[in-house]
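# Observations on chain architecture
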Amino acid sequence: MSGFFKAFLYAGQGIGSAVKSQRNLRIHIIVALYVTGFSFFYELSGTDYVLLMLTFSSVISAELINTAVEAAVDICSPEKSSLAKLAKDAAAGAVLVTAVFAVIVGLIMFLDLDVIRSILAYYGENIPALAGLILSVILSALFIVYPKKERK
(Lines give C-alpha, C1' and ligand atoms only; values in the text may rest on other atoms or scores of the structure.)
Protein backbone atom coordinates (compact mmCIF):
# COMPACT_ATOMS: atom_id res chain seq x y z
CA MET A 1 0.00 0.00 0.00
CA SER A 2 1.40 3.38 -0.95
CA GLY A 3 2.23 6.02 1.64
CA PHE A 4 -0.61 8.17 0.32
CA PHE A 5 -3.25 5.54 1.06
CA LYS A 6 -1.61 4.57 4.35
CA ALA A 7 -2.05 8.16 5.50
CA PHE A 8 -5.81 7.85 4.95
CA LEU A 9 -5.82 4.51 6.77
CA TYR A 10 -3.97 5.97 9.76
CA ALA A 11 -6.26 9.01 9.84
CA GLY A 12 -9.29 6.73 9.77
CA GLN A 13 -7.84 4.66 12.60
CA GLY A 14 -7.26 7.84 14.60
CA ILE A 15 -10.84 8.98 14.09
CA GLY A 16 -12.13 5.52 14.97
CA SER A 17 -10.06 5.36 18.15
CA ALA A 18 -11.25 8.82 19.18
CA VAL A 19 -14.89 7.89 18.53
CA LYS A 20 -14.49 4.77 20.68
CA SER A 21 -12.81 6.58 23.57
CA GLN A 22 -14.28 10.09 23.58
CA ARG A 23 -17.90 10.44 24.69
CA ASN A 24 -18.03 14.14 23.78
CA LEU A 25 -16.98 13.35 20.22
CA ARG A 26 -19.81 10.83 19.99
CA ILE A 27 -22.20 13.53 21.25
CA HIS A 28 -20.98 15.99 18.61
CA ILE A 29 -21.46 13.37 15.88
CA ILE A 30 -25.01 12.57 17.02
CA VAL A 31 -25.93 16.27 17.23
CA ALA A 32 -24.58 16.80 13.70
CA LEU A 33 -26.67 13.90 12.42
CA TYR A 34 -29.88 15.16 14.07
CA VAL A 35 -29.32 18.74 12.93
CA THR A 36 -28.76 17.47 9.39
CA GLY A 37 -31.92 15.36 9.56
CA PHE A 38 -34.08 18.16 10.89
CA SER A 39 -32.54 20.64 8.43
CA PHE A 40 -34.63 19.09 5.65
CA PHE A 41 -37.73 20.67 7.21
CA TYR A 42 -36.18 24.08 6.46
CA GLU A 43 -35.69 25.74 3.10
CA LEU A 44 -31.90 25.89 3.26
CA SER A 45 -29.71 26.90 0.37
CA GLY A 46 -26.55 25.17 -0.74
CA THR A 47 -24.61 27.89 1.04
CA ASP A 48 -26.52 27.15 4.25
CA TYR A 49 -25.51 23.48 3.99
CA VAL A 50 -21.89 24.46 3.39
CA LEU A 51 -22.05 26.58 6.56
CA LEU A 52 -23.51 23.63 8.47
CA MET A 53 -20.77 21.29 7.24
CA LEU A 54 -18.06 23.82 8.15
CA THR A 55 -19.62 24.25 11.58
CA PHE A 56 -19.82 20.48 12.18
CA SER A 57 -16.30 19.90 10.92
CA SER A 58 -14.84 22.66 13.09
CA VAL A 59 -16.37 21.21 16.26
CA ILE A 60 -15.41 17.63 15.43
CA SER A 61 -11.89 18.69 14.37
CA ALA A 62 -11.45 20.66 17.59
CA GLU A 63 -12.50 17.59 19.58
CA LEU A 64 -10.02 15.40 17.67
CA ILE A 65 -7.22 17.92 18.28
CA ASN A 66 -8.17 18.08 21.96
CA THR A 67 -7.94 14.29 22.15
CA ALA A 68 -4.50 14.36 20.50
CA VAL A 69 -3.24 17.10 22.84
CA GLU A 70 -4.47 15.26 25.92
CA ALA A 71 -2.82 12.01 24.81
CA ALA A 72 0.47 13.75 23.97
CA VAL A 73 0.50 15.61 27.29
CA ASP A 74 -0.21 12.38 29.19
CA ILE A 75 2.76 10.71 27.47
CA CYS A 76 5.12 13.65 28.01
CA SER A 77 3.99 14.59 31.48
CA PRO A 78 2.43 11.70 33.40
CA GLU A 79 2.88 13.59 36.67
CA LYS A 80 0.83 16.67 37.57
CA SER A 81 2.21 19.84 36.03
CA SER A 82 0.86 23.35 35.67
CA LEU A 83 2.04 23.43 32.03
CA ALA A 84 0.36 20.10 31.30
CA LYS A 85 -2.84 21.43 32.86
CA LEU A 86 -2.60 24.60 30.77
CA ALA A 87 -2.18 22.59 27.55
CA LYS A 88 -5.13 20.33 28.33
CA ASP A 89 -7.36 23.18 29.51
CA ALA A 90 -6.55 25.32 26.46
CA ALA A 91 -7.33 22.44 24.10
CA ALA A 92 -10.62 21.82 25.91
CA GLY A 93 -11.32 25.55 25.72
CA ALA A 94 -10.91 25.43 21.95
CA VAL A 95 -13.59 22.75 21.79
CA LEU A 96 -15.86 24.84 24.01
CA VAL A 97 -15.43 27.93 21.82
CA THR A 98 -16.27 26.02 18.62
CA ALA A 99 -19.23 24.28 20.26
CA VAL A 100 -20.67 27.55 21.63
CA PHE A 101 -20.39 29.20 18.23
CA ALA A 102 -21.94 26.12 16.60
CA VAL A 103 -24.93 26.52 18.92
CA ILE A 104 -25.17 30.21 17.97
CA VAL A 105 -25.05 29.30 14.26
CA GLY A 106 -27.76 26.69 14.89
CA LEU A 107 -30.00 29.14 16.71
CA ILE A 108 -29.64 31.70 13.94
CA MET A 109 -30.40 29.13 11.25
CA PHE A 110 -33.11 27.08 12.95
CA LEU A 111 -34.97 29.22 15.48
CA ASP A 112 -38.10 29.55 13.35
CA LEU A 113 -41.18 28.77 15.44
CA ASP A 114 -43.36 28.08 12.38
CA VAL A 115 -40.98 25.40 11.14
CA ILE A 116 -40.63 23.95 14.64
CA ARG A 117 -44.44 23.72 14.85
CA SER A 118 -44.54 21.97 11.48
CA ILE A 119 -41.91 19.46 12.65
CA LEU A 120 -43.96 18.73 15.79
CA ALA A 121 -47.12 18.39 13.68
CA TYR A 122 -45.35 16.03 11.27
CA TYR A 123 -44.28 13.69 14.05
CA GLY A 124 -47.66 14.04 15.79
CA GLU A 125 -49.48 12.95 12.64
CA ASN A 126 -46.99 10.34 11.41
CA ILE A 127 -46.73 7.54 13.96
CA PRO A 128 -44.18 5.44 12.01
CA ALA A 129 -41.90 8.49 11.70
CA LEU A 130 -42.32 9.18 15.42
CA ALA A 131 -41.49 5.56 16.22
CA GLY A 132 -38.38 5.82 14.02
CA LEU A 133 -37.35 9.03 15.77
CA ILE A 134 -37.79 7.46 19.21
CA LEU A 135 -35.80 4.39 18.12
CA SER A 136 -33.04 6.63 16.76
CA VAL A 137 -32.89 8.53 20.05
CA ILE A 138 -32.53 5.26 21.97
CA LEU A 139 -29.80 4.00 19.60
CA SER A 140 -28.05 7.37 19.78
CA ALA A 141 -28.07 7.27 23.58
CA LEU A 142 -26.55 3.78 23.48
CA PHE A 143 -23.89 4.98 21.03
CA ILE A 144 -23.03 7.91 23.28
CA VAL A 145 -22.70 5.88 26.47
CA TYR A 146 -20.94 2.98 24.75
CA PRO A 147 -17.94 2.27 27.00
CA LYS A 148 -14.47 2.82 25.68
CA LYS A 149 -12.39 -0.22 24.91
CA GLU A 150 -9.44 -0.96 27.13
CA ARG A 151 -6.09 -0.12 25.60
CA LYS A 152 -3.56 -2.92 25.42
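In what follows, the structure referred to is the one given above.
None of the values given here were measured: they were computed from a predicted structure.

A few words on the packing of aromatic side chains. How two aromatic rings sit relative to each other is given by the distance of their centres and the angle of their planes. Following the criterion strictly, the structure yields 10 aromatic pairs and no others. Taking the centre distance of 5.0 Å and the plane angle of 80° together, the rings of Y122 and Y123 count as edge-to-face. Overall, the relative accessible area of 35% leaves Y122 in the partly exposed class. Residue classification places Y123 among the buried positions, given a relative accessible area of 16%. A network of ring pairs unites the aromatic residues Y34, F38, F41, Y122 and Y123 as a single cluster.

In this section: helix α3 (residues 46-76). The terminal C-alpha atoms of α3 lie 44 Å apart, and with 31 residues this matches the ideal 45 Å at 1.5 Å per residue to within 8%. Burial in α3 covers these residues: L52, T55, F56, V59, A62, E63, N66, T67 and V73. Elements in contact with the buried residues of α3: α1 (3-21), α2 (23-39) and α4 (82-110).

What counts and what doesn't
- Residues numbered from 1 in each chain as written.
- Predicted model: local features only at pLDDT ≥ 70, side-chain atom pairs only at ≥ 80, totals over all residues.
- Heavy atoms only, no water.
- Phe/Tyr/Trp six-rings, centres within 6.5 Å; stacked < 30°, edge-to-face > 60°.
- Buried < 20%, exposed > 50% of the residue type's maximum accessible area, 1.4 Å probe, protein only.
- Helix = DSSP H or I, 4+ residues; strand = E, 2+ residues; numbered from the N terminus.
- Expected span 1.5 Å × (residues − 1).
- Contact = heavy atoms within 4.5 Å.

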